[in-house]
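Summary of the model geometry
What follows is each chain in one-letter form.
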Amino acid sequence: DDQIERERASQRLPGGCCALAAVYLMGKFYVANAGDSRAIIIRNGEIIPMSREFTPETERQRLQFLAFLRPELLGKEFTPLEFPRRIQPKELGKKMLYRDQNMNGWAYKKIEEDDLKFPLIYGEGKKARMMATIGVTRGLGDHDLKVFSSNIHIKPFLSCFPEVRVYDLTQYEHCPDDVLVLGTDGLWDVTNDKEVAGVVMEVLTSYEPNDPCRYTMVAQELVVRSRGVLKERGWRLANDKLGSGDDISVFVIPLGGPGNYT
């Protein structure tokens with residue numbers, strides 16, 4: 001993240017990205033995630049999550065706590081509190097449910113003038129946004145990103161620190177069908193873990209266990225199915241739902257060596 005900031009100044013390279021990395025070291029996989037990509041292990045048909053997405057919803061309390069510690073970062077435009085919906089001026093003095101950085105549940109508070117500000121986190125699911133600008137809360141770069149028509153920087157809330165999970169390969173016997181799948185949000189927006197595991201099993205069983213291209217074909221099939229087919233009403237999946245409109249990158253990494261099944 002520091003290097004991206006230096007290059008931004010020296011080479012005028014703006015922008016940023018999420019990051020998902022897998023490192024194999026001394027019999028263990030270390031999977032680090034900063035953003036909304038996802039990694040899963042499929043072992044003997046079982047799905048083992050190796051990351052979690054960092055979004056305004058999943059990181060609500062971290063964001064609210066930072067805003068509580070440094071309210072100047074909100075630029076007098078945002079409130080760190082969360083409400084079930086936007087507050088209207090006519091509701092001043094009334095009671096409404098809210099929650100702050102210390103709360104998992106909800107409580108009632110009397111609506112004050114500051115509560116009319118735009119919430120730090122607004123929206124639900126893929127439409128959730130931090131400071132009405134960005135849908136992810138960890139990533140690299142974006143040092144210049146600001147709230148639209150303001151001088152409020154997003155970066156203090158956009159953390160570059162990943163969450164790291166460790167998988168010890170020496171603890172299990174792995175067959176050629178056991179894999180680690182890494183995918184960007186373009187895959188997971190339209191395909192869940194179980195569906196991905198189904199495609200993995202379907203494609204792998206159509207190739208010989210010793211065929212090295214079988215894993216590449218799984219990745220290709222996951223991309224193709226998530227994009228869908230171009231029809232009159234846009235890109236559509238097999239169930240006629242909208243295909244992914246985001247970028248789709250997929251890696252399928254075998255955990256077991258080549259060989260025949262036992």
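Residues numbered from 1 in each chain as written. Predicted model: local features only at pLDDT ≥ 70, side-chain atom pairs only at ≥ 80, totals over all residues. Heavy atoms only, no water.

**Some details on the overall build of the protein**
Within the protein one finds five helices and 17 strands. By its C-alpha atoms, the protein is 70 × 45 × 40 Å across when sized along the principal axes. In the protein, of all internal contacts separated by at least 6 residues, the share reaching a separation of at least 24 is 59%. Total accessible area on the protein stands at roughly 15,000 Å², and carbon and sulfur atoms take up 53% of it. Within the protein, the 38 negative side-chain charges are centred at a point lying 7 Å from the centre of the 35 positive side-chain charges. (Helix = DSSP H or I, 4+ residues; strand = E, 2+ residues; numbered from the N terminus. Contact = heavy atoms within 4.5 Å. Areas by Shrake-Rupley, 256 points an atom, 1.4 Å probe, with all protein chains shown as cover. Lys, Arg positive; Asp, Glu negative; His and termini not counted. Charge placed at Lys NZ, Arg CZ, Asp CG, Glu CD.)

**Considering the domain arrangement of the protein**
If you check the domain split of the protein, you get domain 1 (1-52 + 162-254) and domain 2 (59-141). Taken over C-alpha atoms, the centre of domain 1 sits 32 Å from the centre of domain 2. Here domain 1 and domain 2 share an interface that buries about 810 Å² over both sides, 55% of which is from carbon and sulfur atoms. The interface formed by domain 1 and domain 2 contains three salt bridges. Residue aspartate 189 pairs with lysine 126 through a salt bridge whose shortest N-O separation is 3.2 Å. For the pair domain 1 and domain 2, the number of links is five residue pairs in polar contact (both at pLDDT 80 or more). Residues belonging to the side of domain 1 that touches domain 2 are distributed by class as follows: six nonpolar, three polar and five charged. (Domains from an automatic or database assignment. Buried area = accessible area lost by both parts, 1.4 Å probe. Salt bridge = Lys/Arg side-chain N within 4 Å of Asp/Glu carboxyl O. Polar contact = N/O pair within 3.5 Å; in protein donor to acceptor, adjacent residues only side chain to side chain. Nonpolar A, V, L, I, M, F, W, Y, C, P; charged D, E, K, R; others polar.)

**Regarding the sheet that holds strand β4 (residues 38-43)**
One open sheet accounts for four strands, arranged β5-β4-β14-β17; its pairing is antiparallel. The sheet is open, and its two borders are formed by β5 (46-49) and β17 (250-254), each paired with just one other strand. Across the sheet, the mean angle separating the axes of adjacent strands is 20° when strand polarity is ignored. Relative to strand β14 (residues 179-183), β4 runs antiparallel, the two sharing five bridges. The partner of alanine 39 across the bridge, within β14, is leucine 182. (Pairing = 2+ DSSP bridges. Axes fitted to C-alpha atoms, helices over the stretch in contact; angles between N-to-C directions.)

**Topic: the side chain of glutamate 59**
Note that glutamate 59 resides in the loop between β5 and α2 (60-69). Note on glutamate 59: relative accessible area 4%, which makes it buried. At 2.9 Å, the side chain of glutamate 59 forms a polar contact with the side chain of arginine 62. Within the structure, the side chain of glutamate 59 is placed 2.8 Å from the side chain of threonine 137, a separation counted as a polar contact. Beyond its immediate sequence surroundings of up to four residues, glutamate 59 is in contact with Phe54, Thr137 and Arg138. (Buried < 20%, exposed > 50% of the residue type's maximum accessible area, 1.4 Å probe, protein only.)

**Let's talk about the state of the cysteines**
In the structure shown here, the tally under the stated rule is zero disulfides. Lacking any disulfide linkage, cysteine 18 is separated from the closest cysteine sulfur, that of cysteine 17, by 7.0 Å. Lacking any disulfide linkage, cysteine 160 is separated from the closest cysteine sulfur, that of cysteine 17, by 11 Å. (Disulfide = S-S within 2.5 Å.)

**Thoughts on the packing of helix α4 (residues 193-204) against helix α5 (residues 214-227)**
Helix-helix packing is described using two parameters, namely the angle between the two axes and the distance between the axes. For the pair α4 and α5, the least separation of the axes is 9 Å and the interaxial angle reads 135°. Looking at the two axes, α4 sits oblique to α5. Here α4 and α5 pass one another in a crossing that is right-handed. Here Val196, Val199, Val200, Glu202, Val203 and Leu204 of α4 lie close against α5, whose contacting residues are Arg214, Tyr215, Met217, Val218, Glu221, Leu222 and Arg225. (Parallel < 35°, antiparallel > 145°, perpendicular 65-115°, else oblique. Left-handed = near helix turned anticlockwise from the far one by under 90°.)

**Structural notes on the side chain of aspartate 178**
Following the sequence through the fold, aspartate 178 ends up in the loop between β13 (163-168) and β14. It is arginine 43 that comes nearest to the buried, bridge-free aspartate 178 among opposite-charge side chains, at 6.0 Å. There is a polar contact of 3.0 Å between the side chain of aspartate 178 and the backbone nitrogen of cysteine 175. For aspartate 178, the residues in contact, after removing those within four places along its chain, are Ile42, Arg43, Asn44, Glu173, Ile253, Pro254, Leu255 and Gly256.

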